Amino acid sequence: MKADALNPRELFGGTVHYEIPVFQRPYVWTEEDQWAPLWADVRRVAEDVVRAADDDEAAERAGGHFLGAVVFKAKSAIAGDVTRHSVIDGQQRTTTLQILLDAVNAAVSARGHEDEAEALEELILNKANRFAGKPERFKLWPARSDRAAFEYAMSDDHGVWAGDDHLIVEAHQFFRGEVHDWLAGVVPEGEIEVGDEKARVRALADVMQTRLFLVAINLTAQDDDQVIFETLNDRGTPLLKADLVKNWVFQVGEQVHADVETWPERFWVDFDDAWWREEISQGRHNRSRIDIFLQYWLTMRTRDEVVTEQVFREFTNYARPRMPDAAAAEKLLGELRRDANTFRGFGQQSTDSVGGRFYRRVVEALELASTTPVLLWMLSENHAIPSDQVSKALAALESWVVRRTLLRRTMKDVNRFMVAILSTLDDVAPEKVGDIVEAYLAIQNSDARSWPTDADVVAVLPQVKLYGNVRQARLRVVLEALEKQLRSGLHEDITLPADLQVEHVMPQGWRAYWDSNPKLSLEAAAERDRLVNTIGNLTLVTSGLNGTLSNRPWTDEETAALVKATGDLKGVGKRSLVSKFSLLALSKDIVENHPRAWTETDIAGRSEQLARALCQVWPGPPSLSPKAP
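Figured I'd write up the structure that's included with this text. (Residues numbered from 1 in each chain as written. Predicted model: local features only at pLDDT ≥ 70, side-chain atom pairs only at ≥ 80, totals over all residues. Heavy atoms only, no water.)

1. Focus on the pairing of strand β4 (residues 83-89)
When you tally the buried positions in β4, you get six out of seven residues, the bulk of the element. Note that strand β2 (residues 16-19) and β4 share four bridges and pair parallel. Counted as the bridge partner of H17 is R84 from β4. Summarising the sheet, strand β3 (residues 65-74) and β4 pair through four bridges and their orientation is antiparallel. Looking at β4, one finds that K73 is bridged to S86. (Buried < 20%, exposed > 50% of the residue type's maximum accessible area, 1.4 Å probe, protein only. Helix = DSSP H or I, 4+ residues; strand = E, 2+ residues; numbered from the N terminus. Pairing = 2+ DSSP bridges.)

Next comes the structure, spelled out in structure tokens:
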């Protein structure tokens, strides 16, 4: 068995033919989980190469992208034939790499860059005449169920695909479209075109040939490929980015003659415990807490986006010039250790504290972990920001997040925006940090970054379908905050149960018992369907009460007439149940002021009332726009 890190030129150069055995599963990768992240990584490396231009040192730092591992086994050689390999593991990534290579080749060729297209085609096809029309003309031959779609996708003259929907065809279309747009200079809002087309083509061709890497494990005839396959997929322990960082740090410590014997206990010992190494959800993937922390810490420190695959490289680039001697190395590790303690303490802070409240609402409930570098910067012992300025900064950022979330504004630019916020804090005095963050948020005017005003909230929020578009955990955080806002000094100071559920006052299934006589027109019914999911029709109840309320009519009289029930709930309407079992201010106003009916007009009025209350919970940008009338 031999393992090497190979790029596509090394893997597919020459007359080679990789065959995926018939027993392997069909192609299953998708746009959301694999294609889009892969293209984002390829594009990132290509743009780094473009920016490096003629700077060899910068080009070296641009690095590449690691795709994972593939295991193959060489077949017996026959004179004049292709060099055949059977793909034992990694067939999904190998197939995707070939699709991407062909899509790039097609887009580059279509735009007239023949030299680069020719170089890429050498990695896709075996051009000898003796292979024409045969499977051996391709560098890769997929499993049986994927072959027709693969031949179609990799053909120069596509025509119209006549088969059923197929992920290989869709993958090729996705990659070709993304590559074409990028080469043509089409960039998302808020981004800047990098280089000219010729530079982008050269860079992308370079990346596709030499800057993507696979660990290729080549088995010999003596290796049991089934045992190796099971070991790789079932029994392996993954090597974390933090493990690579640790090894590098201690090597540097020895080079600068530090007392590395004391370093594990002083700086690293608990990074190896179960809490730090446990994998938690981050977006579409699960990653260890220590790797997530290092990514956010580097983002905070470098004022730049750090992607998962580049954590080790970015750490070495950042730390190397800051560890010239033992004293400097220990200073940096001490700062890292203190920030790690802060990170670990996020979830243990009281929700009454500004940091704990921000973490619980924004990072956990609203699932906007990309704000973590800013939160870490604010709470870092290394920065010693006064508490009033921390409160001001985090309150402003929380308001920005909540308002944009509820008004359904795009959040796609958040990663870059957090980096921009951090960049504004360079050389800012600690006692002015909150003022600077609030002012920076307030001056944003692009669609991707603006901070909605009170007037925006009051005008737009009552019209927004929240339930069904905003996750219930997020709605619960908003409704809990509104509950606290609505409680006056005369209310009891209560702690809300953690398992309250979002309830529709007028039920989504209103057609069962809430339809009028005569029944609503189609237009009126559609409008009611919209209104029942707006904020004015939502409250919080316990899970037990939620199940009991269901589609029950509003009044006792209607319930007695329409609903067959026995026992204590016979003839008890929704209003009476809420009045009896709910202590929340959110619900009390509804039941006390609407004894006979709960209507569309009531929902609209309450939506505006809650929108105004929300503006008090999360104040908007200061003094830059008129308040809501």
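2. Side note on empty space enclosed by the protein
Going through the model one piece at a time under the given rule, you end up with six cavities of 30 Å³ or more. Taken as a whole, the largest cavity encloses approximately 60 Å³ of empty space. Lining the largest cavity are E503, V505, T539, W554, K574, V578, S587 and I590. Among the elements of the structure, α26 (574-581) and α27 (585-593) are those that each provide at least two residues to the lining of the largest cavity. Split into classes, the residues belonging to the lining of the largest cavity amount to four nonpolar, two polar and two charged. (1 Å grid on protein atoms, 1.4 Å probe; cavity = no way out; pocket = protein on both sides within 12 Å on 5 of 7 lines; lining within 4 Å. Points joined across faces, edges and corners; volume = space filled by probe spheres on them. Nonpolar A, V, L, I, M, F, W, Y, C, P; charged D, E, K, R; others polar.)

3. Details of the environment of L520
By the secondary structure assignment, L520 is in the loop between β9 (501-504) and α23 (522-531). Relative accessible area serves as the criterion here: at 24%, L520 is assigned to the partly exposed category. Those residues within four positions of L520 in sequence are excluded, and the remaining contacts are W510, D515, A525, R528 and E600. (Contact = heavy atoms within 4.5 Å.)

4. Topic: the pattern of salt bridges
Within the structure shown, the criterion is met by 40 salt bridges. For the salt bridge of R84 with D81, the shortest nitrogen-to-oxygen distance reads 2.9 Å. Across the salt bridge formed by D435 and K392, the nearest N and O atoms sit 2.6 Å from each other. Here D435, found in helix α20 (residues 433-442), pairs with K392, found in helix α18 (residues 387-406); they are 43 residues apart in sequence, far enough to count as distant. For K392, a relative accessible area of 32% translates into the label partly exposed. Several salt bridges converge on common partners, so that one network encompasses E19, K75, D81, R84 and E136. (Salt bridge = Lys/Arg side-chain N within 4 Å of Asp/Glu carboxyl O.)

5. Structural notes on α26
Note: α-helices contain 3.6 residues per turn, so residues at a spacing of three or four share the same orientation. Inspection of α26 places K574, L577 and V578 among the buried residues, and these make up the whole buried set. In an axial view of α26, the angular spread of the buried residues amounts to 95°, which keeps them on one side of the axis. Looking at the buried side of α26, the elements it contacts are β9, α24 (543-549) and α27. (Arc of directions from axis to C-beta.)

6. Considerations on the environment of D304
Take D304: it is sitting in the loop between α13 (289-302) and α14 (311-319). Judged by its relative accessible area of 46%, D304 falls in the partly exposed class. In sequence terms D304 and N415 are 111 residues apart; their C-alpha atoms lie 9.2 Å from each other. Residues within four places of D304 in sequence aside, it is in contact with T299 and V419.

7. Details of the nonpolar core
By size, the foremost hydrophobic cluster in this structure holds 97 residues, and its most contacted members are W263, F293, W297 and M378. The element contributing the most residues to this core is α18, with nine residues. Not counting chain neighbours up to four residues away, the residues in contact with F293 comprise F271, W276, L336, D339, A340, F343 and L376. One finds V16, A143, A153 and A199 within the second-largest nonpolar core, a separate group that totals 61 residues. (Core = buried A, V, L, I, M, F, W, Y, C linked by side-chain atoms within 4.5 Å.)

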